[in-house]
Amino acid sequence: GAVVSQHPSWVICKSGTSVKIECRSLDFQATTMFWYRQFPKQSLMLMATSNEGSKATYEQGVEKDKFLINHASLTLSTLTVTSAHPEDSSFYICSARETGSSNQPQHFGDGTRLSIL
Amino acid sequence: DAKTTQPNSMESNEEEPVHLPCNHSTISGTDYIHWYRQLPSQGPEYVIHGLTSNVNNRMASLAIAEDRKSSTLILHRATLRDAAVYYCILVGNTGKLIFGQGTTLQVKP
């Protein structure tokens, strides 16, 4: 089946640090990838849609200068949390959709748990 | 994107069938019905999706009402590994997944 790898699995860092999270589709090409955030005991919240070769589309209320997204190839998207603060601590999850129609299933990574001290 | 309504929680006994309901009365003609599940501390996992006809795969079956205003995910024999939060999501032309609260399924041995 389709596999999405997300790295790192967890990261702990000091306030003010920038953190980069990678999302790779291992056995398929993904024109479109998505980034989500999930707080404890809550559902996933879509942050942005990442399209290969173009700018990401951010959901309302998500700061694009805070959460930098790059989708430079058909198998890799990165999310950089810039100047992270404790309130950015969360579970970040990416997904990738196989190239094709928009109703294709999304395949998810195992998430990155980010803790900012 | 149209919304869905699911029960907050359900219980099942191991090795018995489970029927997880989902209401989506405002579904549009082009919306697909997707189901995902999430185990603790993991990313969601795709389960099944359909448009109008019932669908079967190795994980589950999806029964879609004739008027498409509701659907049911069927796990034929629940195992302890099926304990998870199950999300029913309508997917339109944007392809976005807007997650609701889902149904937390508990499976009792």
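In the block above lies the structure referred to throughout.
Reading guide: rules and limits
Residues numbered from 1 in each chain as written. Chains lettered and ligands numbered in written order. Predicted model: local features only at pLDDT ≥ 70, side-chain atom pairs only at ≥ 80, totals over all residues. Heavy atoms only, no water. Pairing = 2+ DSSP bridges. Helix = DSSP H or I, 4+ residues; strand = E, 2+ residues; numbered from the N terminus. Axes fitted to C-alpha atoms, helices over the stretch in contact; angles between N-to-C directions. Polar contact = N/O pair within 3.5 Å; in protein donor to acceptor, adjacent residues only side chain to side chain. 1 Å grid on protein atoms, 1.4 Å probe; cavity = no way out; pocket = protein on both sides within 12 Å on 5 of 7 lines; lining within 4 Å. Points joined across faces, edges and corners; volume = space filled by probe spheres on them. Nonpolar A, V, L, I, M, F, W, Y, C, P; charged D, E, K, R; others polar.

Q: Go over the sheet that holds strand S9 (residues 103-108) of chain B, please, and point to the residues and values.
A: Residues and elements named next belong to chain B. With respect to topology, five strands assemble into an open sheet ordered S1-S9-S8-S3-S4, the strand pairing being mixed. If you trace the sheet from one side to the other, it starts and ends with strand S1 (9-13) and strand S4 (45-50), each paired once. Across the sheet, the axes of successive neighbouring strands diverge by a mean angle of 25°, strand direction being ignored. The pairing of strand S3 (residues 32-38) with strand S8 (residues 84-91) spans seven bridges and is antiparallel. Bridge pairing in S8 places Gln38 opposite Val85.

Q: Account for the side chain of Ser61 of chain B, with residues named and values stated.
A: Topologically, Ser61 of chain B is positioned in strand S6 (residues 61-64). One polar contact links Ser61 of chain B to Asn56 of chain B, side chain to side chain, over a distance of 2.5 Å.

Q: Describe the layout of surface pockets, naming the residues involved and giving the relevant values.
A: There is about 380 Å³ of room inside the largest pocket. For the largest pocket, the lining is made up of 17 residues, of which Gln38, Pro40, Lys41 and Gln42 of chain A together with Gln38 of chain B are closest to its centre. Here the second largest pocket is characterised by a volume of approximately 320 Å³. At the level of secondary structure, the elements contributing two or more residues to the lining of the second largest pocket comprise strand S10 (106-108) of chain A together with S4 of chain B. Grouping the constituent residues of the lining of the second largest pocket by class yields eight nonpolar, four polar and two charged.

Note that every value here comes from positions in space, so none of it alone points to a role or purpose.
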